[in-house]
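Chains, contacts and geometry: an overview
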Amino acid sequence: MTITDAAVSGGPTVPPDPGRPPAAEWRVAAALSRREAIRLVRASLVPLALAVLMNLPTNRGDVTDLRSASYNAAFTFLLLAAVVLVVSHRAVTRSRRHGSEEMLTATPAPTRARTAGHLLAVLAPTALAAVVAAWLGWDLTARGTTVGDVVPAELAVGPVLVAGAGCLGVLLARMWPQAFTPYVACVVIAAVELGVNTPRLAGSGARWLAFWVEGSLWWALPRHSTAHLIYLLGLVTMASLGALLRHGRTRRLVALAMAAVVVTTGTAAAQTRQPQSVWRRANAMFADPSSVQTCAERDGVRYCAFEISTDLIDHFEEMVGAVRAVLPASAWPEDIAVTQRVTALDFEYVGDSPRWLPHLPDMPRERIRQPDDGEIHPAVEFGWSTEQETGFGVEVAASAIGLPIVPDPGDGSVCLAAGQARAVVALWAGAHATDDADDGLEGVVERTEEAVASAGAEEAEAVFPIVDVDAYGGFAVSLADARLALRLLDRDDAAARIAERWNVLTDPATSSSQLADALGVDDVGSLEPPLEPFMAHMDPDIATLGRPCR
């Protein structure tokens, strides 16, 4: 007997089973979701386009660490998530703003069906985010040299954040329909994200309770990728069920909500436990690097890389070979080694985080210097910048020429090689390390020019280290030296003519002016050594300007 039949026959009216909504409710929800999905997609196009643009190749190096890129991929979806939260909230409260709530309440479609429709609409921007995440994963693996593997659970975080934001918007609309609610929610979430991702919590499992976990120092900090993804899915489920439960409890919804709470709580607790094996490995990277490294000898050169980045050995070999190819065979040293180390570069953008890592040795940022053992020490996070690759090449060339490779480990000073022909040769040879290493040298020159202009100083007095971004080499050159090296890179006969005069051009007494005259290069500015040299850009905590190179 239907509800209508019972009423006509005078019998009791039986309400619909709240545990099994009539099929009409789901049809209403599906129809509404199609219309609302279009609105959400339209609002998502701009942040989606920005997410794609943020991941287009720019001035990147030749190496992509797939793990680090995966860990930080979700950041590009945060703006999209915020937009979806606001738009979904406004969609649910549209009838309230337009004064049509009473009219909708009088229709056969219950409020729960409309809420379900808005929740289903969130699938549209989520699907778009998933497509972008899949494209990002493909783009990462399609690049030249890659290290490690893509982490699917981390790539999936972005789309899940979008889904969670949309469901949260619907829940908030049913709880607090005021117009300002979604904007306050975005501010609160941003504050929580900034608070949890603070350097003070770098070594704490509590940081995993944030929606997005920043990926710096990934090689030193434990990652709970799968548990974090399940935790986020649990939050999304709780937000969705919470919105539906606002219209009445049913056994099925309550059971699902309890299961979601258990799963979310369990994965949240699991994330706060820090794997000791990760801490031990990170500690060994500082205290006993050789114990966590893989080594190989190729063509007379010994390469050692950390076990987490052994794929870099092939790239190191290619760069060493490229520099070696432009140097005279007689100039190549008999014993050369490339040994990976933790350097100041690895802490460039992490602020005070190293101070709050309880399981790592007490090693302040200013003390993380490359040892002066004659070996070349690339950083853990290597290859993200063409300038870094140029610096590696220059260090290889410096080892053949006789210039210092690293700053003095005692006081962090670099010697002044401005005006010396051998410094120009080292820059020129090092810029052959990769196909775009010359772009890295140009980048360092441009950065120095900007620093000189902002300081209101004379370019002729400015000097800078051979390697930028806090991974300094052992000597400093002038802008004129670097410009001369760039001019030599345009000369097809430079390698042959430098080889002919190698002993003279690598003599400390030979000036940059004599090199320019010997190779017929002019109009590069004054090549005289600066009388009052100043460092255009250098972190004094890591390196300072010392005596002239001898």
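To start, this report covers the structure provided alongside it. (Residues numbered from 1 in each chain as written. Predicted model: local features only at pLDDT ≥ 70, side-chain atom pairs only at ≥ 80, totals over all residues. Heavy atoms only, no water.)

According to the stated counting rule, one finds 2 disulfides in the structure shown. Paired by a disulfide, Cys-295 and Cys-304 hold their sulfur atoms 2.0 Å apart. Between Cys-295 and Cys-304, the disulfide has an S-S torsion of 115 degrees and is therefore right-handed. Accessibility expressed as a relative area gives 39% for Cys-295, which makes it partly exposed. Bridging Cys-415 to Cys-549, the disulfide has an S-S length of 1.9 Å. Taking the sign of the S-S torsion, about 90 degrees here, the bridge from Cys-415 to Cys-549 comes out right-handed. Here the residue Cys-415 occupies a position in strand E6 (residues 413–416), and Cys-549 occupies one in the segment after strand E10 (544–548), the gap between them amounting to 134 residues. On the basis of relative accessibility, which here comes to 11%, the residue Cys-415 falls in the buried class. A residue is classified by how much of its surface remains accessible, and Cys-549, at 6% relative accessible area, is buried. (Disulfide = S-S within 2.5 Å. Buried < 20%, exposed > 50% of the residue type's maximum accessible area, 1.4 Å probe, protein only. Helix = DSSP H or I, 4+ residues; strand = E, 2+ residues; numbered from the N terminus.)

Now for the pattern of salt bridges. Where side chains of opposite charge bring their charged atoms close, a pairing between them can arise. One pass over the structure, following the stated rule, counts 13 salt bridges. In this structure, the salt-bridge partner of Arg-298 is Glu-317, at a minimum N-O distance of 2.8 Å. Note that Arg-298 is positioned in strand E3 (residues 293–298) and Glu-317 in helix H15 (residues 312–325), a separation of 19 residues in sequence. Overall, Arg-298 belongs to the partly exposed group, its relative accessible area being 26%. (Salt bridge = Lys/Arg side-chain N within 4 Å of Asp/Glu carboxyl O.)

So, on to the pairing of E3. Regular strands place side chains that alternate from one sheet face to the opposite one. Here E3 runs beside strand E4 (residues 301–306); their pairing, made up of 6 bridges, is antiparallel. When the bridges of E4 are listed, Arg-298 appears paired with Val-301. Hairpin remark: E3 followed by E4, antiparallel, with 2 residues in the connecting loop; positive phi at Asp-299, about 55 degrees. (Pairing = 2+ DSSP bridges.)

What follows deals with the nonpolar core. With 69 residues, the main nonpolar core has Phe-392, Trp-428, Phe-475 and Leu-515 as its most contacted residues. For this core, the element with the highest residue contribution is helix H17 (residues 421–430), accounting for 8 residues. Not counting residues within four places of it along the chain, the set of residues in contact with Leu-515 comprises Ala-421, Val-424, Val-425, Leu-484, Leu-488 and Leu-505. Within the second largest apolar cluster, 26 residues are counted, among which are Leu-161, Leu-232, Ala-243 and Leu-244. (Core = buried A, V, L, I, M, F, W, Y, C linked by side-chain atoms within 4.5 Å. Contact = heavy atoms within 4.5 Å.)

This paragraph deals with unusual backbone geometry. You will see that Leu-217, though not glycine, has its phi angle at about 55 degrees, which is positive. For Leu-217, the location among the structural elements is in the loop between helix H11 (181–196) and helix H12 (225–245).

Quick look at the environment of Cys-167 now. Along the chain, the position of Cys-167 falls in helix H10 (residues 157–175). Judged by its relative accessible area of 6%, Cys-167 falls in the buried class. Between the C-alpha atom of Cys-167 and that of Thr-237, which follows or precedes it by 70 residues, the distance is 8.4 Å. Among all residues touching Cys-167, those that are not within four sequence positions of it are Leu-119, Val-122, Val-236, Ala-239 and Ser-240.

In this section: the sheet that holds E3. One key point about sheets: their strands pair by backbone hydrogen bonds, in either a parallel or an antiparallel sense. Read across the sheet, 3 strands follow the order E3-E4-E5 without closing on themselves; strand pairing throughout is mixed. A single partner strand is all that each edge strand has here, and the edge strands are E3 and strand E5 (336–339). Taking the axes of each pair of neighbouring strands and ignoring which way they run, one obtains an average angle of 15 degrees across the sheet. Against the sheet, H15 touches E3, E4 and E5, its axis set at about 145 degrees to E4. (Axes fitted to C-alpha atoms, helices over the stretch in contact; angles between N-to-C directions.)

Note that all results are geometric; they support no functional claim without further evidence.
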